[in-house]
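Residue-level listing of the chains:
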Amino acid sequence: MNLRSAVVAMLWEQWRLSRVEGVQRLFLGLLAASGALLLNQDNGVTVAVWILAAAHGFFWFSIAKLNGGRFMDGYKPGFPLYLLYTRPLPTALVVGVSMAYDALSCAALYILSAALLGAAFGKPLPMFSVAACLVAYHLVSTCIQWSTQNRIVQWVGSIAIFWPLVGLLKSSLDSPDQGRFTLAQGAMLVLLGLVSFGLTVAGVARQRRGDAVAQEPRKEIWGGYPEWMVNLVRFSCPTSSAMKAQLWFELRSSGLPVLTIGLSLAVLICLLFAAGIVIAPLRTVAMGITVFSFPFVLFFCASNAFGIRSKQGRLYAGTFETTQPYGTAQLAALKVLVRSACVLIALATIAASVWASSSFMGAWGAWSAGIEGGVNAVPELLKFRGRIGDAIAGQSGWGFVALAAVVSIGVAGLVAWQSAREALRVRYARRVLVAQWAPAAWGLSIGLATLAGKTGFIAPSAVRSIVQAAMWLPTAALLLATIYFLRSNVAERVLTVRYVAGALAILAAFGAAYATLLAGAWLGGAEPTLMALLSWPVLLLMMGGALAPWALNRVRHT
Amino acid sequence: MENVVVDVNGLSRSFGQKTALDGVSFRAAPGQVHGLVGSNGAGKTTLIKHLLGLLRATAGSVRVFGLDPVRDPVGVLGRIGYLSEERELPEWMSIEELMRYTQAYHPGWDGAYERELLETFALDPARKIKDLSKGMRAQAGLIAAVAHRPDLLILDEPSSGLDVVVRRDILDAVVRAVADDGRTVIFSSHLLDEVERMSDHVTLMHQGRVALNGMLDDVRREYQRSRVRFVEHFDEPPVIDTALIMEGGGRSWSVVHGGSLEQFRQAVAARGGEIVESRDATLEEIFLARAGRSRQQAEAA
């Protein structure tokens, strides 16, 4: 075998896998960093660099998903390109090429972005210091992800390496000759890279030989949570009705793992806040986990309620569930409701823990978000906590009910939307990708129109008309799409009377609760544009209710 | 019970440029064991997926128990037992949980039959699906498919992963028991001896089309394999109307042919030859002859 052609083939394979993600990262990074440079005159360069570093800092998810999904969604740590094990190539070469591609391609994307922005805005961005940090971070990250199949090592290691490298990059950016490393720092980066490479080769060699726990990920993956979570709470499957059995299935396979995650985060937050009284560095960790746990549960744990699986990056719906004699609309409703209920309970548990634990901040003394010489944020945070307490105490009974209804039904809507999106990616991957970018394009066009109005390129009255029309565009699109999905569902006999009645009742409850919350505060003399904006949550919920069974039906009957 | 359990008419399905099914028509009646045979990519699994409603017909129609499986999945799937080719089962479940979960969907679940099959296969109900070998997984899937005594049992490559004893004794017995109760079995296989042993109807699929369909005995009677000797020396197979495939060379050729033996004898005599011996063709010989002929026709086109 010609070694050069083998390396080219491996690089080509990885390029094919990561090219779409690469374009997405490049575009998103450029968009967000441009915004930072436009809006922040004083500190725009630093913010733009951090945005670009965040955009290109993570290893390629499109390659990682060869292991069966994302982090907890069927993903198994280990070397993702395990099909290369059967190639007559040394492990060091297989690992070296893969690690090099991961690190260098992301660093190259950063350099390209920095160069483009520097030229466009006339503000040079530091290139090689950030790129060096990114390369080191990628090498260590891939080492942690690929060299072991132990999830604890994967999680703890990922968190442990994040902060030191962020600190190193920060010190480099804060230094007077922005972007220069000291000799010791440079040597440390090189050493990190070399050690990571050596450890990864050793770890992957063990997996290749079959010495590791499991030599390669299973070909057939249950698209769900880790098995130890699924088996944490066991109870017998009821046999009296199909609905009860399906409820058991949903709870075991995804509902209880979400609750476990919520409970674990709640306990962890409580412990970290308490430990922060005596161990000052833990205060930043406690705040960080508090801030990230809500979006994590809300967006990660609320996704893929339909159990879409992934095999070697290919998405599909499992035949086991799709061949059970159960109505599609009922199945979609049951899955969304069980997941929503569990996500809500998890969020409530975390919120209660944060509320109770935040009282420990009084004993912290000082905390300044890790910024040297920063202002002590504890008094402000305690004041903020007091204001939330007052706001809750000041709510009327109906206000509470309305708030609870809006949050609960809103979470269910989010679960329905995310699940539908995952399901539709099975059949309409490109169209879903386009649809995902549509809001960004819409926002960009409004931004450009506003910018053109400010610079006098377009008359202010024309800009106002464009913005007003643009605000009504999503309203019309949501309405038309809902009508289409409803018609299609009726034509294919997907919807049942019970489902429609239930969906309408939920929608009516949401509408009433939403109007109660808005009454007095917003609606008095509201402009048409604002009215359009305010109608979106109701329309989104309505469309989610029609889209979810449609999407499940499309993957069930391809 | 209906006279026709499965009724497929002019079914076509394409995946991009590839035509997976091209005008397939197929019927199955109660009490029949229907063997679907064909080479890889012939369209067997695609046809089965249409019967289950997992795929929508882009042309033609599919009716199972008189219902459209896409529009009425509950009505159709409630009466079907299905064993998938991939043996896809939830990894986190134990065998017992799998049985209980499946039982909840089927009120007619036969617990005694389930226990009997578990004992026959020597499967421990407490074992997790993920710990089972491919063959044991197939056995667990088979029990889940048959224990509710379905009106239609669909098995996609049931022998895959099963050892020869289980295949010959247990699988045959299970399939025969279902058919003897007046229920229908449709199974796909590329093991022609298995199809000959188990089925009473056979459908040969080739390149997305039904190349042959009928009762197994009738199909076998329709085709013979004859050894023929010619006076003249032929470098290429001589053209004989009813011949599907000819192997050999010179004066001696072995021919798989359709039509009556008398017709064939006259056609051979017209080329200056005679039949030395003749017998019913095996399914494998018929399959190879039909598939080979289709390939030749496709190449010629």
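Residues numbered from 1 in each chain as written. Chains lettered and ligands numbered in written order. Predicted model: local features only at pLDDT ≥ 70, side-chain atom pairs only at ≥ 80, totals over all residues.

### Notes on the overall build of chain B
Inclusion rule: Helix and strand definitions here come from DSSP, where helices need a minimum of 4 consecutive H or I residues and strands a minimum of 2 consecutive E residues; each element is numbered from the N-terminal end. Exposed residues have 12 or fewer other C-beta atoms within 10 Å of their own C-beta, buried residues have 20 or more, and partly exposed residues fall in between, where C-beta atoms are placed from the backbone. Two residues qualify as being in contact provided that their C-beta atoms, derived from the backbone, are within 7 Å of each other.
The helix and strand tally for chain B stands at 10 helices and 12 strands. Across the 301 residues that make up chain B, the buried fraction comes to 46%. Taking the intrachain contacts of chain B between residues at least 6 apart in sequence as the baseline, contacts between residues at least 24 apart amount to 70%.

### Here's the deal with the overall build of chain A
Let me state the cut-off plainly: Atoms counted for the radius of gyration: C-alpha only. Globule rule: 2.2 Å times residue count to the power 0.38.
Regarding its fold elements, chain A presents 18 helices and two strands. Against the 2.2 N^0.38 benchmark of 24 Å for 558 residues, chain A shows a C-alpha radius of gyration of 26 Å, consistent with a compact globule. Dimensions of chain A, computed from the C-alpha atoms along their principal axes, are close to 65 × 60 × 55 Å. Across the 558 residues in chain A, those meeting the buried criterion constitute 39%. Expressed as a percentage of contacts within chain A between residues at least 6 apart in sequence, the contacts between residues at least 24 apart total 79%.

### Details of the interface of chain A and chain B
To be explicit about the condition: Residue classes follow a fixed rule: Ala, Val, Leu, Ile, Met, Phe, Trp, Tyr, Cys and Pro count as nonpolar, while Asp, Glu, Lys and Arg count as charged, and any other residue, Gly among them, counts as polar.
Counting residues at the interface gives 28 residues for chain A and 25 residues for chain B. Residue assignment for the side of chain A that touches chain B shows that the elements contributing at least two residues are helix H8 (227–230), helix H9 (242–275) and helix H11 (319–322) of chain A. Ranked by residue count, the leading element in the side of chain A that touches chain B is H9(A), at five residues. Partitioned by chemical class, the residues of the side of chain A that touches chain B number 10 nonpolar, 13 polar and five charged.

### Notes on the environment of B:Leu55
The residue B:Leu55 is located in the loop between helix H1 (44–51) and strand E4 (59–64) in this model. Not counting the four nearest positions on each side in its chain, B:Leu55 is found in contact with A:Thr558, B:Arg13, B:Thr46, B:Lys49 and B:His50.

### Thoughts on the sheet that holds strand E3 (residues 33–38) of chain B
All names here are of chain B. Where we set the bar: Two strands qualify as a pair provided that DSSP identifies no fewer than 2 bridges between them. Each axis is a line fitted through C-alpha atoms, and for a helix only the stretch in contact is used; angles between axes span 0 to 180 degrees, taken between their N-to-C directions.
A sheet is described by the order of its strands in space; here six strands give the open sequence E5-E6-E7-E3-E8-E9, paired in mixed fashion. Each edge of the sheet is formed by a strand with only one pairing partner; in this case those strands are strand E5 (80–83) and strand E9 (209–215). Here the strands of the sheet are splayed against their neighbours by 15° on average, with no regard to which way each runs. As judged from the six bridges shared by strand E8 (residues 201–206) and E9, these two strands associate in the antiparallel manner. Along E9, the bridge assignment pairs leucine 204 with leucine 212. Each of E3, strand E6 (152–156), strand E7 (184–189) and E8 is contacted by H1, which is oriented at about 150° to E6, the strand it contacts most.

### Topic: the nonpolar core
As a rule of thumb, soluble globular proteins bury nonpolar side chains together. Definition in use: The term nonpolar core means buried Ala, Val, Leu, Ile, Met, Phe, Trp, Tyr and Cys residues held together as one set by C-beta atoms within 7 Å.
A:Val343, A:Ala346, A:Ala423, A:Ala551, B:Leu98, B:Ala140 and B:Ile154 are the most contacted members of the largest nonpolar core, which totals 156 residues. Examining the composition of this core, we find that 14 residues originate from one element, H9(A), more than from any other. Beyond its immediate stretch of four places on either side in the chain, B:Ala140 contacts B:Leu89, B:Ile95, B:Leu98, B:Leu123, B:Ile129 and B:Leu132.

### Considerations on the packing of helix H10 (residues 281–301) of chain A against helix H12 (residues 328–357) of chain A
Residue and element names in this part refer to chain A. Worth spelling out the cut-off: Angle categories: roughly parallel below 35 degrees, roughly antiparallel above 145, roughly perpendicular from 65 to 115, and oblique for all the rest.
Between H10 and H12, whose axes approach to 10 Å, the crossing angle comes to 175°. Compared by their axis directions, H10 and H12 come out roughly antiparallel. Of the residues in H12, those touching H10 at Thr290, Ser293, Phe294, Val297, Leu298 and Cys301 are Val343, Ala346, Leu347, Ile350 and Val354. For the contact of H10 with H12, a count of residues per class yields nine nonpolar, two polar and no charged.

### A look at the domain arrangement of chain B
Inclusion rule: Domain delimitation follows an automatic or database domain assignment.
Domain annotation of chain B identifies domain 1 (6–219) and domain 2 (224–280). Put simply, the middle of domain 1 of chain B and the middle of domain 2 of chain B, counted by C-alpha atoms, are 39 Å apart.

### Remarks on the sheet that holds strand E1 (residues 6–15) of chain B
Residues and elements named next belong to chain B. Read from one edge of the open sheet, three strands run E2-E1-E4, paired in antiparallel fashion. Edge strands, defined here as strands with exactly one partner in the open sheet, are strand E2 (18–28) and E4. Sheet twist, expressed as the mean angle between neighbouring strand axes with direction ignored, is 25°. Pairing between E1 and E2: seven bridges, direction antiparallel. Across the sheet, valine 8 pairs through a bridge with phenylalanine 26, a residue of E2. Contacts between H1 and the sheet are confined to E1, E2 and E4, with E2 contributing the most and set at about 60° to the helix.

### Things to note about the environment of B:Arg271
For B:Arg271, the location among the structural elements is in the loop between helix H9 (261–270) and strand E12 (273–280). Taking the C-alpha atoms as reference points, B:Arg271 and B:Pro238, 33 residues apart in sequence, are found 7.8 Å from one another.

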